[in-house]
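Residue-level structural notes
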Amino acid sequence: MNREVFKPNREFSKSARIKNMCEYQDLQDFAMRDYEGFWGSYAKEKLEWMEPFHTVLDESKAPFVKWFLGGKLNVSVQCIDRHLNSRKNKAAIIFEGDRGDKQIITYLELYYNVNKFANLLKNEFGVKKGDRVVIYMPMIPEAAYAMLACARIGAIHSIVFGGFSAEALKDRIIDADAKVVITADGAFRKDKPYMLKPVVDEALKGETPVKKVLVVERNGEDVTWVAGRDYSYNELIKHQDVKCEPEVMDAEDPLFLLYTSGSTGKPKGVQHNQAGYILWAQMTMEWVFDVKENDTYWCTADVGWITGHTYIVYGPLAMGATTIMFEGVPTYPDAGRPWKMVEEYKVNQFYTAPTAIRVLHKTGEHEPAKYDLSSLKVLGTVGEPIDPPAWKWYYEAIGGSKCAIVDTYWQTETGGHIVSPLPGATPIKPACATFPLPGIMAEILDENGAKVEVGEKGLMCVTRPWPSMIRGIWGDEERFVKSYFGDVKKDGKPVYFTGDGAIYDEAGYITITGRTDDVINVSGHRMGTAEVEAAIKKHPNVAEVAVVGKPHEIKGEGIFAYIVLKSDSGVADEVEEVKAINKVIQKEIGNIALCDDVVFVPGLPKTRSGKIMRRILRSIAKGEEITQDISTLEDPSIVATIASTVQSCKL
Ligand code: WT7
C-alpha cells in the first residue's frame, strides 16, 4: 500500500488548533498517561456546568460506564445561552430552502425560538423530563428548535429520518414509548412539495402511545387534522413565553435515542447521554473542522442521521459556530448547487458523504470551475469508505489542492468522530481515516485482542470507554452488551467492537475496509440485511429470502436479494413480482431500502444446520468465481444453479 501523501497546508497549520503531529502525539500521550486527567480537564474547560462533577469516570459496571458523575448541566445552555454574551447577533443557523428561500437565525433568535418551543411542549403538551418525543421532520430550522427544546426541558428526542415509512415510524414510536410526535405538513424537494404528515397519520393508526402531534407548516399543503390530537405549531407558538428555565440535568441523564440497524430484523435505539456526548461533539468540531469565529460551516447531512445530530446541530452550536441547514438535494436544479452555495455563503468547511461526491463528480464534473470556491479550508467525508478517484476529484476540483480532506470515521454509536485526520496536522492519504483522535484508544485487533500486523485485516475496536460512546440500547441491556462487547477481549476484558474491518499500513495509518457483519451501507445509509429480509418475508409469495450487499458505482453498496418463492405461488410474471416485492419494502421500511437486484432462485446455499452461507451469495452477486469450500452445504449443487440464474438475469 504505497499511497501518495498530502501534507497539510502550511498557512492553515499556523493558526490551527492542533498544528502538527508532535502536538497530536503530546495530546495522545497525555491521554494514555492520565486518561481521567485528560478528559476531566477538557470537561472543566469546555462545558458550562451548573454543578461541577466529582468523578471523571466510573467503570465499575463496565460496559455500562458513567462519565462526569455528580455534574449537572443543560445541553441547550451549552449550545445557546452561554453564547449570548459574545455572540448574540451572530448567525447560529443559516437556512436555505430547496427553492432558494433563505433565513438567518442569530443566537439570540435561536434562544427565543427554542424557549418558546420548550414552553409549548411543557405547557401545552405536558412533556416532562425523561419523556420521549419522536421528531419526524424535514430539514428546516424548526427541526433544530425541536431538538434543543427537548434538551432544554430534559425530554429525550428520537428523530426518525423522513425517508422512513409509516410502519418503520410506528415501530420506533412504540419501541421508545413516545407520547408526542413533532412533524411538518411536508417540505419541498426539487421544487415540488412532498408530504410527511400523512405518513404520521398512517403510523398512528391502531394502538400507539402517542397523545399529541405537533405540526409545523412548511409547504402549506392540505393535511388532515385529528381533533384533540393534532395541533398547529404556528398557532400555538404565538402564545409562548420567550423565557424557559433550563432543566437541571444529570451528566448521565439520556439526551436522545437514535434508531440504527444491527444484525437482527429489529433496529436498535442507540442511547446518548448529556455531558459526554456534548463534550465530544464540541471538541471534534473544534479539532477536526477547526472552525474559527467568523467561519461558515456546512454539513449536508439530514438531522435524521447521527451526522445531522452531532455535526449540524449539537457540535456547531456548542462551539458557537455558524451552521448551514439545507432542505434541498445537491443535484437540483443542477449539480452545481452546492458549489453555488459555497460561493454565496463563503463556506469555509464543507462536510458531505462519498455518495454525494460521486454523484456530483459523475453528473457535474465541470460545475465547480464555474464558482469561486476559494473560501474553503477543510473538506470532510463521512459514512462509507470513499474511493480514491472520488477523493482525488474532491481534493483537486473542490479543494483546489489546498484544503485538507478529513475522512472522518465514526458511527451512530460513537456519538462523534473517533478516527480522523486533523486538518492542520495530519499528512493525509487518499481514502484513509488515518489516526485515532486524541483521547480515543482505537486499535485494530484480531479476535484474541492482539494488535494485527501491518497489512493484515482486523477488527476496528476501541479499548477504553470514551465520553460520547453509546450508553445503551433502549429497553435491551443484553443486546447492548452482546452487540458491542461480545466479540473481542483484550487482556481478558471485553472491548468495544465497531463491526468494521480495518488495516494498518506501514506508517500506522488506519484504513477502514467496511462492515464485517450483516450490515450494509447504501449511500451512507446503514441497513441491516435481516431488516430488509424481514420486510420481504411479509410478501405472501415469499418462502425464503437472503439479502446481501453488492458494490455499486454511486451508492457504494446496493441491495441484492435472493428470493425463493413458495411452490404454490403461481407467479407468472417475474417483473411484476419484483415490483410487488419492492412495494412491500417501501411499506415496511421506506424507499431507502429498495432492492437494486432481485433474483428468484430455487433454493439458498445452506449448511446442514440450516445456516445460510452469505459469503457465497456475496461472491455470486459480485460475479466472482466461487473459491470457498462448499462441501459442507446441504446441497452443494445449488451454488451452480444460483450462479447461472444470476448470470442469465444479467443477459
Ligand atoms: C458505519 C456507521 C458516521 C456517521 C454516518 C454513518 C461506515 C462511517 C466511515 C468512513 C469508512 C465509514 C462504517 C460505520 N463509515 N464513516 N469515514 N470510512 N466507513 O453512521 O449509520 O451509524 O454508520 O458507516 O461502516 O460502521 P452509521
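See above for the structure.
Here goes a summary of the coordinates provided. Counting restarts for each chain: residues are numbered from 1 in the order of the written sequence. Where totals are concerned, whole chains, interfaces and linings use all residues; where local detail is concerned, this predicted model gives features only for residues with pLDDT of at least 70, and gives and counts side-chain atom pairs only at 80 or more. The side-chain numbers reported here are obtained from all heavy atoms of the structure, hydrogens and water having been left aside.

Moving on, we get to the sheet that holds strand S6 (residues 132-136). Paired strands, as defined in this entry, are two strands with at least two bridges between them according to DSSP. Helix and strand assignments follow DSSP, with helices taken as H or I runs no shorter than four residues and strands as E runs no shorter than two, numbered in order from the N terminus. Spatial strand order, S12-S11-S8-S6-S7-S14-S15-S23: eight strands in an open sheet with mixed pairing. Every other strand in the sheet has two partners, leaving strand S12 (230-232) and strand S23 (472-473) as the edge strands with one partner each. Both S6 and strand S8 (residues 180-184) contribute to a ladder of four bridges, which runs parallel. Looking at the pairing, Tyr136 lines up with Thr183 of S8.

Inspection of the secondary structure puts Asp505 in the loop between strand S26 (496-504) and strand S27 (510-515). The rule is simple: take the accessible area with a 1.4 Å probe, protein chains only, and divide by the maximum for that residue type; under 20% is buried, over 50% is exposed, in between is partly exposed. Residue classification places Asp505 among the buried positions, given a relative accessible area of 1%. For this analysis, a polar contact is any N or O atom pair within 3.5 Å, provided that within protein one partner can donate a hydrogen and the other can accept it, and provided that sequence-adjacent residues contribute only side-chain to side-chain pairs. At a separation of 2.8 Å, a polar atom in the side chain of Asp505 contacts the main-chain amide nitrogen of Ala507.

Nonpolar cores were defined as sets of buried Ala, Val, Leu, Ile, Met, Phe, Trp, Tyr and Cys residues, with membership established by side-chain atoms within 4.5 Å. In this structure, Trp39, Phe68, Leu110, Ile182 and Tyr314 are the most contacted members of the largest nonpolar core, which totals 127 residues. In contact with Trp39, not counting residues within four places along its chain, are Val56, Trp67, Phe68, Leu279, Trp280, Met283, Pro438, Gly439 and Pro467. In terms of nonpolar packing, the next biggest core, distinct from the first, is built from 42 residues, Val134, Ala166, Ile559 and Ile592 among them. Contacts are assigned to residue pairs that have any heavy atoms within 4.5 Å of one another.

Taken together, four strands build an open sheet; the order of strands is S21-S22-S26-S27 and the sheet is antiparallel. The open sheet has two edge strands, strand S21 (442-445) and S27, and neither has a second partner. Neighbour-to-neighbour, the strand axes of this sheet turn through a mean angle of 45°, independent of strand direction. Looking at chain direction, strand S22 (residues 458-462) and S26 are connected through four bridges and run antiparallel. Structural elements are reduced to axes, namely lines fitted to C-alpha atoms, with helices fitted over the stretch in contact, and the angle between N-to-C directions of any two is expressed from 0 to 180 degrees.

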